[in-house]
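Now for the letters of each chain:
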Amino acid sequence: MARVQLRNVEKVYGGTLKAVHGINLDIRDGEFMVLVGPSGCAKSTTLRMIAGLEEITGGDIMIGDRRVNDLPPSKRSIAMVFQNYALYPHMKVRGNLAFGLRIAGRPRAEIDAAIDQVARILEIEPLLDRLPKQLSGGQAQRVALGRALIKKPGVFLFDEPLSNLDAKLRASMRVRITDLHRELKAQGLSSTVVYVTHDQTEAMTMGDRICVMQSGRIMQVATPKELYNHPANLFVAGFIGSPEMNLIEGAIDNGSFRLGSQQLALGEAVLSRLSAKPGEVVLGVRPQHLALASEGPALPARLLSVEFMGHEVYLHADLEGHRIVSVVGADEYERLGQTDQIRLIPDLKSLHVFDKPDGRNIVLRGGSMAA
């Protein structure tokens, strides 16, 4: 059993600086949970508190059925993979893999068998007699992963493990880590994973669920699909998605969204889903849901710049003083011709409406806020 529970966990530095504000999080046994957020949001601090590398100031941390607040890292059934890999430079790969088991007093035959198994799973057999300085970044990362895996922990903790790799290698390592997690579950060797990153692509492609954090608080916990389609608030809406969601301030009046001199009729499909009386709001529409209009009612905008991305084109435009982005097909852009004036129409079924005072999504359906 490797369920991880955080109950009202706080971290205060120097008696006054509160870095973590009483967060609650339930990570299921065998789940791949990603903690994501901007730099300084306390995601790594949270991970280090789970590991026992950082003392908590208040609350409780449970791993399995044990309260581990006062246990050292070696007693928590965890293994951690760091950003800098933390391999022992004087030991060959074989020695790095064996170190933890040797310290634990395991028999030589058991250690050798464990090394062979992990090396086979991670395809690092040819590297066993190399020193860390003879490894590429991807190879060193696999060795660090193997050193964690060989301990057969209840919980794997990853602290931005791919941030030092180039883009291509990051993509391949994302796939390798998630594939490994699935393989271990299929073999009945499931370990819970808590993975910290600031990269939303990693979060969206790797996590069973994602915990979005800001300033030491949990903003939303949900599956990648739920986060994308039903962000709980303005912060999540602006953080998740690339290009990021267009957020346009205005007001709802008589069934229409009013923006300066322009109005957009929202229709009953939107208005009937509002969970609060609208007034001053922020309208959210993803660039993929903002299309070029050839006819009918639309929002006129001034084209500022164009990014050609291959099969897609990003149109950056000014809409009543708001900089917005629309993603259209390359063929559609070619038909547009040379112009600096475009007309845009949002997909009403995909609109989000956020209450301006508190940032809540007032058409939220299916998301899950953390308690």
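Rules behind the numbers
Residues numbered from 1 in each chain as written. Predicted model: local features only at pLDDT ≥ 70, side-chain atom pairs only at ≥ 80, totals over all residues. Heavy atoms only, no water. Axes fitted to C-alpha atoms, helices over the stretch in contact; angles between N-to-C directions. Helix = DSSP H or I, 4+ residues; strand = E, 2+ residues; numbered from the N terminus. Parallel < 35°, antiparallel > 145°, perpendicular 65-115°, else oblique. Left-handed = near helix turned anticlockwise from the far one by under 90°. Contact = heavy atoms within 4.5 Å. Nonpolar A, V, L, I, M, F, W, Y, C, P; charged D, E, K, R; others polar. Buried < 20%, exposed > 50% of the residue type's maximum accessible area, 1.4 Å probe, protein only. Polar contact = N/O pair within 3.5 Å; in protein donor to acceptor, adjacent residues only side chain to side chain. Core = buried A, V, L, I, M, F, W, Y, C linked by side-chain atoms within 4.5 Å. Pairing = 2+ DSSP bridges.

Participant: Which residues make up the packing of helix α4 (residues 137-149) against helix α5 (residues 167-186), and what values do they have?
Facilitator: The relative placement of two packed helices comes down to the angle between their axes together with the axis-to-axis distance. Contact pair α4 / α5: the axes reach a minimum separation of 11 Å and the direction vectors enclose 20°. Here α4 lies roughly parallel to α5, going by the angle between them. Here the hand of the crossing between α4 and α5 comes out right-handed. On the side of α4, the interface is formed by G137, G138, Q141, R142, L145 and L149, while α5 contributes L169, M173, R176, I177, L180 and L184. A per-class count over the contact of α4 with α5 returns 7 nonpolar, 3 polar and 2 charged.

Participant: Explain the environment of V93 to me, and be specific about the residues and the numbers.
Facilitator: Looking at where V93 falls in the secondary structure, it is placed in helix α2 (residues 93-103). Apart from the residues lying within four places of it in its own chain, the contact partners of V93 are L127, L128, R130, L135 and V143.

Participant: How would you sum up the side chain of T178? Please name residues and give values.
Facilitator: Inspection of the secondary structure assignment puts T178 in helix α5. Relative accessible area serves as the criterion here: at 10%, T178 is assigned to the buried category. From its side chain, T178 meets the backbone oxygen of V175 in a polar contact 3.1 Å long. Not counting chain neighbours up to four residues away, the residues in contact with T178 comprise F32, T205 and M206.

Participant: So what about the nonpolar core? Which residues, and what values?
Facilitator: Within the largest apolar cluster, 49 residues are counted, with the highest numbers of intra-cluster contacts made by L97, F156, F158, I177, Y195 and V212. When residues no more than four places from it in sequence are discounted, the contact partners of V212 are V36, R217, I218, M219, Q220, L227, F235, V236, F239 and I240. One finds V4, I23, M49 and L157 within the second-largest nonpolar core, a separate group that totals 30 residues.

Participant: So what about the sheet that holds strand β3 (residues 32-36)? Which residues, and what values?
Facilitator: The 6 strands lie next to each other as β6-β7-β8-β3-β9-β10, forming an open sheet whose pairing is mixed. Strand pairing shows two members of the sheet lacking a second neighbour, β6 (78-81) and β10 (217-222), which therefore form its edges. Each strand axis lies, on average, 20° off the axis of its neighbour in the sheet, ignoring direction. Bridge analysis of β6 against strand β7 (residues 155-159) gives 4 bridges, and the strand direction is parallel.

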